[in-house]
Amino acid sequence: MGLPRPLLIATAALAGAVLLAPAPATAVPGRDGPQPHPVREGGGRDAATAKAPLSAAANALRTAAPELAKSGGYPRRTVLDAPPVNPADKSIKLGLAPYHALAPRLNALQKLGDRVSVEVAGHSAGGHELYLVTVTAPETSRQAREQERMRELIENSPAAAAKDKRVKSAYKTPVFINNNIHGNEWEGTDAALKLIEELAKAKDGTTADLLSRNRVYLNVTANPDGRIAGTRANANGFDLNRDFITGSQPEARAIRRIAIDKQPALMLDLHGYVNGTLIEPTTPPHGENYEYDLFLKNSYANALGMEKAVNGLGYTPAKDGVQPAVIPFRDEKEGWDDWPPIFTPQYMPFQGGIASHTIEFPMAVNNEEYDSLPVAELRRRAAINTAVAGAAMRATLDYTRTHRTSVIADQIETFRRGAAGEAQRPVSQETVPGVPGIGPEDVYTTTFPRAYVIPAGGGPGVHPDGVRGRSAVAAARLVDHLLANDVRVERAVLPFRLAGRSYPAGSYVVDMRQPKRGIANVILADGRDISADVSTMYDISGWSLGLLWGATVEKAAEGELHVVGRPVHAAAATGYVAPFGDLRLRLEDPKELAALNSLLAQGIKVRRAANGSAIVPGSARGVAGVLADRLGVAFAATKEKGTGALHRTRVAASVTPGELFALREMGFEVQPVSTAALNSGFDWSKADVLMVSGGLEYGKLTPAARGALGAFLEGDGGLVGLGSDGAAFNADAGLLAVKPVAGNGDANGVVRVANAAGSPVTGGAPAHTFVYSPLWFTDLGPGVRVEQSYGSGNPLVAGHWRTAQDGKGGPKDAAGRASIVSGTSAKGTAVVLFGTEPLFRDHPKGVFAQVGRALITR
């Protein structure tokens, strides 16, 4: 075990820092007192209030980044257009490269020789170009094609690749360096520019050897929106380093495309700020779907090299305020885990990475420090961070150069195990020799099923009128997401049986004997309850797309797989319009809500059905056909006339960025609001419903704002409240008579729920939802309806939910309690309150419609 990490306290008012004395050299974590948990920026429930303009959402909803070039030799010259000079770019104050300077710098670097190539890998939510640089020795078109052939062989025929002499001798190891994914953690970009220039100019034999046997890919800035604005998030307000299992943002999709097309064996993700420099691998729990023995072997060895390089820069606590580097696996007990695949380095192993690392620079220059420290001190710190980033990059390249043969062999072995359906190898001193401190707390494995099936027809997806409904459009979304993550999917041509069940033709099958079984299982598996394993987690602990995205997913634990099928390159079309009569549109999927909102925006008169669906006049069949084709939704024939008219719902929303984005995905017209916006004089005639999940405090409203709000709520306005802030706003405004009860604020995950029969809010909803800081409601007043309740027993299926220190707030306390309630207040206001997180980070697609239906239920 290594030394405990000494603490550094930075003072905002001083240019320097107040240092605590380093721990004695003989101190051992766990023996000489508790080790302080690492401090993570941005952990916990998302609290930022959304402010993103609709234009940014439109950019983010564009199709994924185009497939990157796989043919043609190197160098590949791209003359980049330089954006206008922006003197407000936040990088400038730190003495770092502003975004507008990157294109000219990269154009110049391409001219230094024949080693540097630049491609545009996509665009940010704010419309800025994403620059991917490749540094390698020149390749002819034929040589580049051979490299691609070998890359495909490694992934698709790993057993053959392991025996291929040409792969062993000639394949160039791909290394990927991702920079600035958090926009106000700048310095990786500047270190990358320096590294590119050094590699382009170097004349020594070591560099020539490196570039003849490796390709170095650098995403120069993964978040140009945030780099310019000095914000952690992109233009949509998203923390991009939480988006990799969802892929809602274009920057994350671009990185995913790089991972699939380039198949990097090693990867760095450059961040700040933890003093000393933090270098992964992580503490437990470790992602159970990894080939973790291969990963830990390489990531720990590379971490040691980076630690030596960073400490070798000569910075000291006394002289510079820089503490020695920290490797969490060795130096921390828990709290910096790699359990969820939402982070870039935790996603990369599923695309072939056998070592991937978050690197946290030591010297804080963002947030309070950016605003309070003198420019000279900020630039001193930024220069240190740039040097630290560069040292980590060069050490990783050195590891790749000196371990090239074993690195490629381990990547091949990762894919081979998946294709062969072999069991994982638990980590131990025997399976990962040379890594100290491995114990049972580090062993996380899973048993991969034989296959997953997403059935066609039948089951919950069949519409009462005989048309496939929510399950079909949800299945198509899930299949397309699997394909976007490079998971192999087949569609059965004939009916088949598997594990004692019969499935119709057209069903989708995910054979788990495939090279990338890890990401397939990450997406489709239920997950597991890890509450007993550790006391604290970095971020979310449950995320199942199989349970949360609305599709029916069935697991075959074992059995012979005999399916006559064909590979799927895109999900089959699901749109349908009945050829006669009026039409019924189920409102159980976000795409169906989007279709409804489009119909209403076009002035089509839509009526509400008794079961919560929408009745569309047959005269709108042409418009319905366009929506069925575009969104994949089904319009079934119906004779029902409906119980009342539906109207376009305009939403005034004080919500998180993920919630705002999800509302816009469903086609709602949304105006972000806040306490300040209401106090400035908000025009309530432009809203029909107020939605609150944070950022709007009733007690801080001016008398005038409170009066205007009261008139809105007592008129035709409604309230949809999410979480504790939504419940508090309801109570402060004196609306629905309920008592909110808060569960453990750190709890999160996938939970079982029971939906009320015939509910206008949860009708047709899945039997699972997502929670973060779960809430439930008791002491329900007259007329309050329970729309959904937590499941009985322990409702947690996957995640981390313990009781609080007082022994309360655990999942058993929530069992059977109301998770969603609705009613009309004494003031005549229609209110729906959620204790769950149905729109969390734009992720749980299958439960979005609960919020959509709540908004239109007035």
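Basis of the calculations
- Residue positions within a chain follow its written sequence, with the count starting from 1.
- Where local features are concerned, this predicted model is filtered to residues with pLDDT of at least 70; where side-chain atom pairs are given and counted, the filter is 80 or more; whole-chain, interface and lining totals use all residues.
- Note that water and hydrogens are dropped before the side-chain values are worked out from all heavy atoms of the structure.
- Every helix listed is a DSSP run of H or I at least four residues long, and every strand listed is a run of E at least two residues long, numbered separately from the N terminus.
- The size measure is the radius of gyration over C-alpha atoms, and the globule rule it meets is 2.2 Å times the number of residues to the 0.38 power.
- Only heavy atoms enter the contact rule, under which two residues are in contact if any of them lie within 4.5 Å.
- Positive charges come from Lys and Arg, negative ones from Asp and Glu, while His and the chain ends are left out of the count.
- Taken as the charge centre is NZ of Lys, CZ of Arg, CG of Asp or CD of Glu, depending on the residue.
- The angle between two axes is taken between their N-to-C directions and runs from 0 to 180 degrees, where each axis is a line fitted to C-alpha atoms and a helix contributes only its stretch in contact.
- Angle categories: roughly parallel below 35 degrees, roughly antiparallel above 145, roughly perpendicular from 65 to 115, and oblique for all the rest.
- Ten residues, namely Ala, Val, Leu, Ile, Met, Phe, Trp, Tyr, Cys and Pro, are considered nonpolar, four, namely Asp, Glu, Lys and Arg, are considered charged, and the remaining ones, Gly among them, are considered polar.
- The quantity known as pLDDT measures the predictor's confidence residue by residue, on a range of 0 to 100.
- The criterion for an aromatic pair is that two Phe, Tyr or Trp rings (for Trp, the six-membered ring) have centres within 6.5 Å, with stacked assigned to planes under 30 degrees apart, edge-to-face to planes over 60 apart and tilted to the rest.
- To sort residues, take the accessible area from a 1.4 Å probe on protein chains only and compare it with the maximum for the residue type: under 20% means buried, over 50% means exposed, and anything in between is partly exposed.
- By definition here, a salt bridge exists when the distance from a side-chain nitrogen of Lys or Arg to a carboxyl oxygen of Asp or Glu is within 4 Å.
- Expected helix span is given by 1.5 Å per residue-to-residue step, counting one fewer step than there are residues.
- Whenever two N or O atoms come within 3.5 Å, that pair is a polar contact, provided that in protein one can donate a hydrogen and the other can accept it, and provided that, for residues adjacent in sequence, both atoms are side-chain atoms.
- In these notes, a set of buried Ala, Val, Leu, Ile, Met, Phe, Trp, Tyr and Cys residues joined through side-chain atoms within 4.5 Å is what counts as a nonpolar core.
- What makes two strands pair is DSSP finding at least two bridges between them.

*Asks:* How would you sum up the overall build of the protein chain? Please name residues and give values.
*Replies:* On a plain count of helices and strands, the protein chain comes out with 27 helices and 36 strands. In terms of overall dimensions, the protein chain is globule-like: its C-alpha atoms have a radius of gyration of 27 Å, near the 29 Å expected for 858 residues. Expressed as lengths along the three principal axes of its C-alpha atoms, the size of the protein chain is roughly 80 × 65 × 55 Å. Look at the contacts in the protein chain between residues 6 or more apart in sequence, and 79% of them connect residues 24 or more apart. Placing the 91 positive and 86 negative side-chain charges of the protein chain at their respective mean positions leaves the two points 4 Å apart.

*Asks:* Go over the packing of helix α20 (residues 590–601) against helix α27 (residues 848–856), please, and point to the residues and values.
*Replies:* For the pair α20 and α27, the least separation of the axes is 8 Å and the interaxial angle reads 30°. The pairing of α20 with α27 is recorded here as roughly parallel in orientation. Mapping the contact onto sequence places P590, L593 and L596 in α20 and F848, A849, G852, R853 and I856 in α27. Here the residues of the contact of α20 with α27 are counted per class, giving six nonpolar, one polar and one charged.

*Asks:* Lay out the confidence of the model for the protein chain in plain terms, naming residues and giving numbers.
*Replies:* With 93% of its residues at a pLDDT of at least 70, the protein chain reaches an overall mean of 92. When the criterion is pLDDT under 50, residues 458–469 qualifies, and its contacts beyond four places in sequence or with other chains add up to 28 contacts.

*Asks:* Give a detailed account of the packing of aromatic side chains, specifying residues and quantitative values.
*Replies:* Note on aromatic pairs: each is described by the distance of the centres and the angle between the planes. Taken as a whole and judged by the stated rule, the model has 22 aromatic pairs. Taking 6.2 Å as the distance between ring centres and 55° as the angle between the ring planes, the aromatic pair formed by Y273 and F361 counts as tilted. A residue pair is termed long-range when its members are at least 10 positions apart, and Y273 in the loop between β7 (266–272) and β8 (278–279) and F361 in strand β11 (residues 355–361) qualify at 88 residues. An identical accessibility class is assigned to Y273 and F361; each is buried. Look at F682 and W684: their rings are 4.9 Å apart centre to centre, the planes differ by 80°, and that puts the pair in the edge-to-face class. Pair check on accessibility: F682 and W684 agree, each one buried.

*Asks:* Quick rundown of the pattern of salt bridges? Include the residues and the values.
*Replies:* In this structure the tally under the stated criterion is 46 salt bridges. Its salt-bridge partner being R213, residue D209 comes within 3.9 Å of it at the nearest N-O pair. Of this pair, D209 and R213 both sit in helix α7 (residues 205–213), four residues apart, which is roughly one turn of that helix. A relative accessible area of 28% places D209 in the partly exposed class. Owing to a relative accessible area of 31%, R213 belongs among the partly exposed residues under this scheme. R330 is the partner of E307 in a salt bridge, and the nearest nitrogen-oxygen pair spans 2.6 Å. With E307 in helix α10 (residues 292–311) and R330 in helix α12 (residues 328–331), the pair connects residues that are 23 residues apart, well separated along the chain. Like R330, E307 is buried. Via salt bridges that share partners, E291, D293, E413, R416, R417, E422, R425 and R517 belong to a single interconnected network.

*Asks:* Let's hear about α20: which residues, and what values?
*Replies:* Between the first and last C-alpha of α20 there are 16 Å, a value that for twelve residues agrees with the 16 Å anticipated at 1.5 Å per step. Burial analysis of α20 places ten of its twelve residues in the buried class, which makes it a mostly covered element. If you check the start of α20, you find a side-chain oxygen 2.9 Å away from the backbone N of K591, and it comes from D589. Within two residues after α20, G603 carries a phi angle of roughly 80°, on the positive side.

*Asks:* How would you summarise the nonpolar core if you had to cite specific residues and measurements?
*Replies:* Where a protein is soluble and globular, its nonpolar side chains tend to be buried together. By size, the foremost hydrophobic cluster in this structure holds 131 residues, and its most contacted members are L106, V133, L218, L296 and V510. In terms of residue count, helix α15 (residues 375–402) provides more of this core than any other element does, eight residues in total. Listed in part, the 48 residues of the second largest apolar core include L596, L599, L627 and A849.

*Asks:* So, the side chain of S91: which residues are in play, and what are the values?
*Replies:* Here S91 shows up in the loop between α1 (54–60) and α2 (99–110). Excluding residues that lie within four positions of it along the chain, S91 makes contacts with L96, A97, P98, W186 and R227.

*Asks:* Tell me about the sheet that holds strand β12 (residues 451–454), residues and numbers included.
*Replies:* Taken together, five strands build an open sheet; the order of strands is β17-β12-β16-β13-β18 and the sheet is antiparallel. Either end of the sheet is taken by a strand with one partner, and the two such strands are β17 (554–556) and β18 (565–567). Each neighbouring strand pair of the sheet contributes to a mean axis angle of 30°, computed without reference to strand direction. Alignment of β12 against β17, held across three bridges, turns out to be antiparallel. The residue of β17 that forms the bridge with A451 is A556.

*Asks:* Break down the sheet that holds strand β19 (residues 576–577) for me, citing the residues and quoting the values.
*Replies:* In spatial order, the strands read β19-β23-β20-β22-β21-β24; together these six strands make up an open sheet with mixed pairing. Here the strands that pair on one side only, and so sit at the sheet edges, are β19 and β24 (644–646). Each of β20 (582–585), β21 (606–608), β22 (614–616), β23 (634–638) and β24 touches α20; the most contacted strand, β20, lies at about 135° to it.

*Asks:* Which residues make up the environment of A571, and what values go with them?
*Replies:* On the secondary structure map, A571 appears in the loop between β18 and β19. Note: C-alpha distance between A571 and A476 (95 residues apart in sequence) is 5.1 Å. Beyond its immediate chain neighbours, meaning those up to four positions away, A571 contacts A476, V479, D480, L483 and Y508.

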